[in-house]
Amino acid sequence: MMHRLKLHKVLIQSLSFSFDEKYLASLGGQDDNTLVIWDIESGKALIGNPVGMNIANKVQFFNNTSSKCLTIHNYGIRTWDLDLIKKKVQYTEILMNQIKRVFTSCVIDPDDQYAYLGTKTGDIVEISLFNNLFKRIGPTKRLFSQGINQINLLPNGDLLLGSGDGTLAKVGSRDMLVKREAKVMGAVTSISLTADSTHFFCGTSKATIYWCNTDDIAPELRNTCHYERINDVAFPAGYSELFATCSLNDIRVWNTKTRQELLRIEVPGLECFCVFFQRDGKAILSGWNDGKVRAFLPQSGKLLFAINDAHNHGVTAISGTNDCQKIVSGGMEGEVRVWRIGRQTQIMEGSLKEHRGRVSDIKINKEDTQAVSSSFDGSCIIWDIINSTRIMCLFESTMFKQVLYHPDESQVLTTGSNRKITYWDCFDGQAIRMLDGSDSGEINALSITESGEYFVSGGQDKRVKLWDYDEGTCQYQGIGHSGDITKISLSPDQKTMVSVGTEGAIFMWHVPQRIIETKADQDMPQ
């Protein structure tokens with residue numbers, strides 16, 4: 001890092017480098033509303049000037065001089081003359097006659113003669129920078145729906161623009177006629193041209209990136225991800241090549257090696273809280289906020305079955321037995337329910353109502369005889385799922401977020417809003433040990449290695465931490481998330497960890513080599 005420049009309050013709206021890369025212009029948001037010019041070499045602010053009551057949306061340096069820049073506002077355009085030696089600044093308001101527009105994007109032609117501005121109304125305004133006059137508005141009789149978010153200039157003088165309804169269009173700057181257009185998924189948020197301007201990348205609000213050529217704008221999908229918070233991540237049993245994540249509206253299955261999306265299962269308007277692969281790999285189980293458990297086929301994504309009204313207000317946790325005969329689900333109101341899955345039928349075998357808050361996680365033991373559930377009400381309960389009775393209850397003054405069996409099933413590991421990771425004895429339900437999992441935020445996610453020697457945690461401090469189980473010390477940290485971590489899963493081959501967060505990101509981490517080696521030592525025949 002060269003410099004950390006601090007002057008603006010709250011939000012920084014826009015940045016622009018001068019053509020010789022000596023200066024940086026930055027524009028504060030509506031709480032700040034200041035234009036600041038920085039000297040890049042020294043990192044000092046040369047000029048700071050308020051831009052008035054009219055909220056500014058973007059700043060752009062001219063292409064051939066570093067003493068002029070343009071700001072576009074909600075209802076106005078200004079050109080600024082910067083005297084960088086005397087540190088003074090003057091602006092000229094460009095009058096728009098009777099036309100009132102909210103300006104969202106701008107581009108200046110290579111000779112600094114004209115500027116083209118995109119508006120929230122969906123038209124293009126051309127202004128002359130030479131004499132600061134409004135020139136014209138277009139295209140006639142054609143407005144781009146939901147406003148023009150991005151505008152770029154091609155070498156032949158055509159304008160390339162992206163709008164809020166996902167339209168990419170090429171417009172002639174001389175006649176203001178639409179030459180070509182195409183549709184993408186989501187609102188266009190950015191357009192980035194290659195150096196020779198023959199192709200460009202287009203990013204959208206639905207977290208997709210397209211690769212297009214500038215001749216006929218045929219969008220080709222290059223990259224996708226979730227665009228809302230991700231609630232869960234799961235690997236199939238014994239198979240590390242793919243994993244599933246769930247979010248608002250959809251479940252997506254990803255290839256671990258190529259990081260490409262293999263399958264998208266969409267249920268529009270609903271949110272998926274939890275996802276689980278059946279052990280035989282024949283179904284993806286999921287819990288949704290409309291109270292249904294849905295099972296999908298893993299290759300086609302078709303609906304296999306749905307359990308209607310499984311829980312009031314949403315299914316928040318789900319797990320399946322190793323023999324694939326039963327599902328245990330948890331709901332928003334605290335019920336834990338056991339379902340027997342047949343070929344055509346799904347029958348409820350038991351409804352266990354002891355939790356008073358949302359069930360956050362459910363795990364089933366290897367023999368399929370017991371399940372442990374954690375809840376936001378501060379209790380973890382170990383159930384006998386054959387006779388539908390309670391075996392043991394663990395209490396703590398915290399909102400439990402996740403629970404795990406140690407691989408030998410003698411202990412249970414829990415975590416929650418009190419920032420502690422607690423080891424419990426399954427025999428008498430006593431807390432054996434408590435670790436401080438984080439100094440700042442609550443912990444949402446846990447995952448343990450097959451050997452039981454290490455486990456991983458993550459939460460509001462945005463860090464993935466790898467712990468030694470016996471020593472209770474943090475061995476490694478992974479920094480990358482910009483939102484809270486909601487879930488972590490270790491791949492069955494123990495070589496990768498996948499963490500997901502509220503910002504919609506999926507992070508894949510390499511498990512340190514010595515931890516993989518301890519697994520290899522255990523797999524060796526004695």
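Small disclaimer: the values here were computed from a predicted structure and weren't measured.

Student: Can you explain the sheet that holds strand β13 (residues 148-153)? Please cite residues and give values.
Tutor: An order of β13-β14-β15-β16 is seen for the 4 strands of this open sheet, with the pairing classed as antiparallel. Two strands lie at the open edges of the sheet, namely β13 and β16 (178-183), each paired on one side alone. On average, each strand axis in the sheet is inclined to that of its neighbour by 15°, with strand direction left out of account. As judged from the 5 bridges shared by strand β14 (residues 158-163) and strand β15 (residues 167-172), these two strands associate in the antiparallel manner. The partner of Leu161 across the bridge, within β15, is Ala169.

Student: So what's going on with the domain arrangement of the protein chain? Which residues, and what values?
Tutor: Quoted interface sizes are often the accessible area lost when the parts come together. As far as domains go, the protein chain holds domain 1 (12-224) and domain 2 (230-520). Taking the mean C-alpha position of each, domain 1 and domain 2 sit 46 Å from one another.

Student: Which residues make up the side chain of Glu271, and what values go with them?
Tutor: Looking at the secondary structure, you find Glu271 in strand β23 (residues 261-277). A distance of 2.8 Å separates a polar atom in the side chain of Glu271 from a polar atom in the side chain of Asn231. Those residues in contact with Glu271, other than ones at most four positions away along the chain, are Arg229, Asn231, Ser247, Leu248, Asn249, Gly287, Trp288 and Asn289.

Student: How would you sum up the pattern of salt bridges? Please name residues and give values.
Tutor: Charged atoms that come close allow side chains of opposite charge to pair. This model, assessed by the stated rule, comprises 22 salt bridges. For Glu349, the salt bridge goes to Lys326, with nearest N and O atoms at 3.5 Å. A residue pair is termed long-range when its members are at least 10 positions apart, and Glu349 in strand β30 (residues 346-353) and Lys326 in strand β28 (residues 326-331) qualify at 23 residues. Look at Lys326 and you get buried, because its relative accessible area is 10%. Between Lys401 and Glu442 there is a salt bridge, and its shortest N-O distance comes to 2.2 Å. Of this pair, Lys401 sits in strand β35 (residues 400-405) while Glu442 is found in the loop between β38 (431-436) and β39 (443-448), placing the two residues 41 residues apart along the sequence. Three or more residues joined by partner-sharing salt bridges are found here, namely Asp250, Arg252, Glu261 and Arg264.

Student: So what's going on with the UniProt feature "repeat: WD" (unreviewed entry) in the protein chain? Residues and values would help.
Tutor: When the UniProt feature table is mapped to this numbering, "repeat: WD" (unreviewed entry) covers residues 308-349, 352-393, 436-477 and 478-511. Here residues 308-349 runs as 0% helix and 55% strand, with 15 Å between its end C-alpha atoms. As a span, residues 352-393 carries 0% helix and 60% strand, and end to end its C-alpha atoms are 13 Å apart.

Student: Explain the environment of Thr345 to me, and be specific about the residues and the numbers.
Tutor: Structurally, the position occupied by Thr345 is in the loop between β29 (335-341) and β30. For Thr345, a relative accessible area of 41% gives the class partly exposed. For the pair Thr345 and Ile307, spaced 38 residues apart in the sequence, the C-alpha separation amounts to 9.2 Å.

Student: Tell me about the pairing of β23, and name the residues and values.
Tutor: Note: strand β22 (residues 242-255) against β23, 6 bridges, orientation antiparallel. When the sheet's bridge partners are listed, Val253 is paired in β23 with Leu263. Hairpin remark: β22 followed by β23, antiparallel, with 5 residues in the connecting loop; positive phi at Arg259, about 60°. Two strands pair when backbone bridges link them, and β23 and strand β24 (residues 284-288) are joined in this way by 5 bridges, in the antiparallel orientation. By the bridge assignment for β24, Val275 is matched with Ser286. Hairpin connection between β23 and β24: a loop of 6 residues separates the two successive antiparallel strands, and Gly281 in this loop has a positive phi of roughly 75°.

Student: Any details on the sheet that holds strand β43 (residues 485-490)? Residues and values, ideally.
Tutor: Overall, antiparallel pairing links the 3 strands, which are arranged β43-β44-β45 in an open sheet. Here the strands that pair on one side only, and so sit at the sheet edges, are β43 and β45 (506-510). Here the average twist between neighbouring strands, direction ignored, is 20°. The pairing of β43 with strand β44 (residues 496-501) spans 5 bridges and is antiparallel. Paired with Leu490 across the strands is Met497, a residue of β44.

Student: Mind laying out unusual backbone geometry, listing which residues take part and the relevant values?
Tutor: Between Gly138 and Pro139 the backbone carries a cis peptide bond, its omega angle lying at -15°. For Pro139, the location among the structural elements is in the loop between β12 (133-138) and β13. Notably, Lys141 is not glycine yet its phi reads approximately 60°, a positive angle. Assignment of secondary structure puts Lys141 in the loop between β12 and β13.

Student: Can you explain the layout of surface pockets? Please cite residues and give values.
Tutor: Of the voids in this model, the second largest pocket is the one considered here, and its volume is about 540 Å³. For the second largest pocket, the lining is made up of 20 residues, of which Lys58, Gln60, Cys106, Gln150 and Ile151 are closest to its centre. Only β1 (12-17), β5 (56-61), β9 (103-108) and β13 provide two or more residues apiece to the lining of the second largest pocket. Counting residues per element, the lining of the second largest pocket draws most heavily on β9, which supplies 6 residues. The residue makeup of the lining of the second largest pocket, split by class, is 7 nonpolar, 11 polar and 2 charged.

The rules behind the values
- Residues numbered from 1 in each chain as written.
- Predicted model: local features only at pLDDT ≥ 70, side-chain atom pairs only at ≥ 80, totals over all residues.
- Heavy atoms only, no water.
- Pairing = 2+ DSSP bridges.
- Helix = DSSP H or I, 4+ residues; strand = E, 2+ residues; numbered from the N terminus.
- Axes fitted to C-alpha atoms, helices over the stretch in contact; angles between N-to-C directions.
- Domains from an automatic or database assignment.
- Polar contact = N/O pair within 3.5 Å; in protein donor to acceptor, adjacent residues only side chain to side chain.
- Contact = heavy atoms within 4.5 Å.
- Salt bridge = Lys/Arg side-chain N within 4 Å of Asp/Glu carboxyl O.
- Buried < 20%, exposed > 50% of the residue type's maximum accessible area, 1.4 Å probe, protein only.
- UniProt positions renumbered as here; feature names shortened; annotations may be inferred.
- 1 Å grid on protein atoms, 1.4 Å probe; cavity = no way out; pocket = protein on both sides within 12 Å on 5 of 7 lines; lining within 4 Å.
- Points joined across faces, edges and corners; volume = space filled by probe spheres on them.
- Nonpolar A, V, L, I, M, F, W, Y, C, P; charged D, E, K, R; others polar.

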